[in-house]
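A closer look at the structure
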Amino acid sequence: MTLVVDVRVRRGVFALDVALSARPGEVVAVLGPNGAGKSTLLDVVGGLLLPVDGTVRVGSRVLTSVGPSARVHVRPDRRSVGLLGQDPLVFPHLDARENVAFGPRAAGTAAAPARAAASAWLEAVGLTGLGDRRPRSLSGGQRQRVALARALAAEPAALLLDEPFAQLDVRTAAELRDVVRDQVRRTGTPTVLVTHSVLDALTLADEVVVLDHGTVVERGRPLEVLTDPAHPFTAALAGVNLLVGEVVRDGSGAALAAPDGLLVPCRTDLAAGTLAQVSFPPTAVEVAAPGAADGPDDRVVWHAHVVDLEAGTTGLRVRTTGDVLVDVPPALVGRVDLQVGALVRLSVPVGSMRVRRAPAARR
Amino acid sequence: MTEPRDRHGVPRLLWAPAGLALGLLVMPIVALLVRADWQSLPSDVTSAAAVSALTLSLVTSTIATGVCLVLGVPLAVVMARSRGWTSDVLRALVTLPLVLPPTVGGIALLFLLGRRGLIGHSLDLWFGIRLPFTTTAVVIAQAFVAMPFLVLGVEGALRTAGTRYETVAATLGAGRWTVLRRITLPLVLPGLVSGTVLCFARALGEFGATALFAGNAPGVTRTMPLAIYSAFNGAGVSQGTAVALSLLLVAAAAAVLLAARAWRPGGAT
């Protein structure tokens, strides 16, 4: 059954207004900076917070409904909405099997069948034979697996994941992502994943919803949203350069008047004065000494100053005027003067640069 | 001593007062052991009066502890989960008997449950129940002075445990009662055990409130502390008996503490 959320919450000056839906076995990732309203959204779906208006339902079953004529609020323990957070919160006084059996036992299943089911769940999350272990003697990753098995063993109608991989090391997180994806699909549980991580969104999500200041600023398939972001937060998260400004035209062609007085040439049909945005990945930018000979015609060229430097995944990542990030391959480091304040010549292939009208709703 | 002396970074200046404090706590017991007449000890502690007092003490303290558990744990849960001024007021009310001299407690109980008391008058008039100077009065007096130890101990443990596990249990479909039974109480079991032990020990040693509210009738309200007081004041027996009975009470209290320590979940500290 499909999870449908369409709610509005007000907390002082903060207002949240989100609509999203997750089909069975589908993962919807909610991305957003701190304070965007991600946790508030989870609290509303989980039944810990009542919205001022809106509904939460799974299929035809209404969990929350607040409006002029209705006020439904199903208690958390009767909602059948599972939660897996950053902290596994495995019950310390129960062994792994009893932890997983907790949901079925609370639902009235007898001890023996509940334990048998728990063992099967532990097997499904890759913890075969560890049922008798106390949480204390399990690793962080194993505890998170127990927490996942425990959440799914309760057969929730929907599952909420709140940064569930944030405290795990890279490899453990990767393994657990696989387990989560497999189990969510196998059980057909509609799932909402709140995360800061692009990796989570790309590997797990079927849809991405980007939240900022309580409103949805962008949504779509993860790969599309993250490779062609329309919102500065998404761009920063995906590591893509996004410049917003007015189109200006002179004799030689069009350019985008970006912040910091930066003028980036671009090929566009947009009229002068239009608010537009340009995006391109840092790897597409080529750096050269200022005044170098103009290359082939299929590149846009501008000059900028070096603002700061940091180690990239291979070479250097250089921040230049207008917050434009440039990845400089190791071979080039040392051949071009990259001291802070130095003037450099940047160029981007026309094909790597996307130019379009800026979305109207922007903060 | 193979470990460096300043391993824990304790200033040396603390050693002297710490030693004095320990001495103040331990030396009286040592003096008791030294003063004891070990010849007559066996006959003193097995005398009918001693056995009767000890039995009465153990029985009443156990019942009082049971009462404290049944009533005090719910109070602790309510306190721990209430917020703002409610919890402040509740905690102040619960702490009051703790800071009150037990004799004041005894007088207060008389004014509440005595034959002319606030409730005692009606109890006598309507049901013919007269509480003062009965074994029931002993239990009530003990519960009055011992309950705060249990409530405050359990409440503290509940606050430390927090509500995060309870929230998770609720998302797994557990109702409030199931959460309390299977998550909340097991999580605070160590606090519950230590609170119960303190509560029992306090009930066992209760004297002032009992003396005023329940009296000193042999076999009915003469618990160990009252028997010791009577013996010490020379009511028919020698001071040696008082010392012997005191040792018996010390032994009983020590046994309870040791048993609780061995039973504590999680094992050795």
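Residues numbered from 1 in each chain as written. Chains lettered and ligands numbered in written order. Predicted model: local features only at pLDDT ≥ 70, side-chain atom pairs only at ≥ 80, totals over all residues.

So, the overall build of chain A
The helix and strand inventory of chain A stands at nine helices and 21 strands. Across its three principal axes, chain A shows a C-alpha extent of roughly 80 × 50 × 30 Å. Scored against the burial criterion, the 363 residues of chain A give a buried share of 44%. Considering only residue pairs separated by 6 or more positions, chain A has 63% of its internal contacts joining residues 24 or more positions apart. (Helix = DSSP H or I, 4+ residues; strand = E, 2+ residues; numbered from the N terminus. Buried ≥ 20, exposed ≤ 12 C-beta atoms within 10 Å, placed from the backbone. Contact = placed C-beta atoms within 7 Å.)

Topic: the overall build of chain B
When you go through chain B residue by residue, the secondary structure sums to 13 helices and zero strands. Overall, chain B shows an N-to-C arrangement of helices and strands of α-α-α-α-α-α-α-α-α-α-α-α-α. Counting over 269 residues, chain B shows a buried share of 35%. In chain B, 74% of the contacts between residues at least 6 apart in sequence involve partners at least 24 apart.

Details of the sheet that holds strand 19 (residues 324-328) of chain A
Hydrogen bonds along the backbone pair up the strands of a sheet, which may run parallel or antiparallel. Residues and elements named next belong to chain A. Strand order in the open sheet made by the five strands is 16-20-17-18-19, with antiparallel pairing throughout. The sheet terminates laterally at strand 16 (286-288) and strand 19, the two strands that pair on one side only. The average angle at which neighbouring strand axes cross in this sheet is 45°, direction not considered. Pairing of strand 18 (residues 316-320) with strand 19 involves five bridges; the strand directions are antiparallel. Each residue of the ladder has a partner; that of V318, found in strand 19, is V326. (Pairing = 2+ DSSP bridges. Axes fitted to C-alpha atoms, helices over the stretch in contact; angles between N-to-C directions.)

Some points on helix 6 (residues 170-187) of chain A
Residues and elements named next belong to chain A. The end-to-end C-alpha distance of helix 6, which contains 18 residues, comes to 26 Å, matching closely the 26 Å that a straight helix rising 1.5 Å per residue would cover. Where helix 6 is concerned, the buried positions are L176, V180, Q183 and V184. The buried residues of helix 6 occupy one face: seen down the axis, they fall within an arc of 100°. What points out from helix 6, more than 90 degrees from its buried face, is the exposed set V170, R171, D178, D182 and R186. Of the surrounding secondary structure, the elements contacted by the buried residues of helix 6 are strand 3 (27-31), helix 4 (111-124), helix 5 (140-153), strand 8 (158-162), strand 9 (191-195) and helix 7 (198-204). At the exit of helix 6 stands G188, carrying a positive phi of roughly 65°. (Expected span 1.5 Å × (residues − 1). Arc of directions from axis to C-beta.)

Looking at the interface of chain B and chain A
Contact residues are listed per partner, giving 14 residues for chain B and 16 residues for chain A. Put simply, the parts of the chain that give the side of chain B that touches chain A at least two residues each are helix 8 (164-171) and helix 9 (176-187) of chain B. Tallying contributions element by element places helix 8 of chain B first for the side of chain B that touches chain A, with six residues. Classifying every residue of the side of chain B that touches chain A gives nine nonpolar, four polar and one charged. (Nonpolar A, V, L, I, M, F, W, Y, C, P; charged D, E, K, R; others polar.)

Concerning the environment of D132 of chain A
All names here are of chain A. Among the secondary structure elements, D132 is positioned in the loop between helix 4 and helix 5. Look at D132 and you get exposed, because 10 C-beta atoms sit within 10 Å. The sequence separation of D132 and E98 amounts to 34 residues, and the corresponding C-alpha distance is 8.5 Å. If we skip the residues at most four places from it in the chain, D132 touches D95 and R97.

A word on the pairing of strand 13 (residues 253-257) of chain A
All names here are of chain A. Here strand 12 (residues 241-250) pairs with strand 13 via five bridges, running antiparallel. Bridge pairing links D250 to G253 in strand 13. Counted between consecutive antiparallel strands, the loop separating strand 12 from strand 13 contains two residues. Taken together, strand 13 and the strand that follows it, strand 14 (residues 263-265), pair antiparallel across an intervening segment of five residues, in which D260 is found at a positive phi of about 65°.

Focus on helix 10 (residues 189-205) of chain B
Residue and element names in this part refer to chain B. With 17 residues, helix 10 extends 24 Å between its outermost C-alpha atoms, agreeing within 8% with the 24 Å of an ideal straight helix rising 1.5 Å per residue. The buried fraction of helix 10 is high, at 12 of 17 residues. Burial in helix 10 covers these residues: G191, L192, G195, T196, V197, L198, C199, F200, A201, R202, A203 and L204.

A few points about the sheet that holds strand 12 of chain A
All names here are of chain A. Strands sit in the order 14-13-12-15-21 across an open sheet of five strands; the sheet is antiparallel. This sheet does not close on itself; its edge strands, each paired only once, are strand 14 and strand 21 (354-357). Here the strands of the sheet are splayed against their neighbours by 40° on average, with no regard to which way each runs. Bridge analysis of strand 12 against strand 15 (residues 275-280) gives six bridges, and the strand direction is antiparallel.

Things to note about the packing of helix 3 (residues 96-106) of chain A against helix 4 of chain A
Residue and element names in this part refer to chain A. Packing of helix 3 against helix 4 leaves a shortest axis separation of 8 Å and a crossing angle of 120°. Accordingly, the angle class assigned to the pair helix 3 and helix 4 is oblique. Judged by the sense of rotation from one axis to the other, the crossing of helix 3 with helix 4 is right-handed. Facing A96, R97, V100, A101, P104 and R105 of helix 3, the residues of helix 4 in contact are A111, A114, R115, A117, A118, S119, W121 and L122. Looking at side-chain class alone, the contact of helix 3 with helix 4 contains 10 nonpolar, one polar and three charged residues. (Parallel < 35°, antiparallel > 145°, perpendicular 65-115°, else oblique. Left-handed = near helix turned anticlockwise from the far one by under 90°.)

So, the packing of helix 3 of chain A against helix 5 of chain A
Residues and elements named next belong to chain A. Their axes nearest at 7 Å, the elements helix 3 and helix 5 cross at an angle of 25°. By the angle between their directions, the pair helix 3 and helix 5 is classed as roughly parallel. Here helix 3 runs over helix 5; the crossing is right-handed. Facing helix 3, whose interface residues are A96, N99, V100, F102, G103 and P104, helix 5 presents V146, A149, R150 and A153.

Let's talk about the confidence of the model for chain A
Here chain A averages 89 in pLDDT, and 98% of its residues register 70 or above. Ranking the elements of chain A by mean pLDDT puts helix 9 (residues 232-238) of chain A last with 85 and strand 3 of chain A first with 95. (pLDDT = per-residue confidence, 0-100.)

A look at the confidence of the model for chain B
Residues at a pLDDT of 70 or more form 92% of chain B, whose mean pLDDT is 86. Two numbers describe this predicted complex: its pTM, 0.79, and its ipTM, 0.78.

With respect to the environment of L204 of chain A
Structurally, the position occupied by L204 of chain A is in helix 7. Assessed through the 23 C-beta atoms surrounding it within 10 Å, L204 of chain A is described here as buried.

Side note on the pairing of strand 2 (residues 14-22) of chain A
Looking at chain direction, strand 1 (residues 3-11) of chain A and strand 2 of chain A are connected through nine bridges and run antiparallel. Residue pairing across strands places V9 of chain A opposite L16 of chain A, the latter belonging to strand 2 of chain A.

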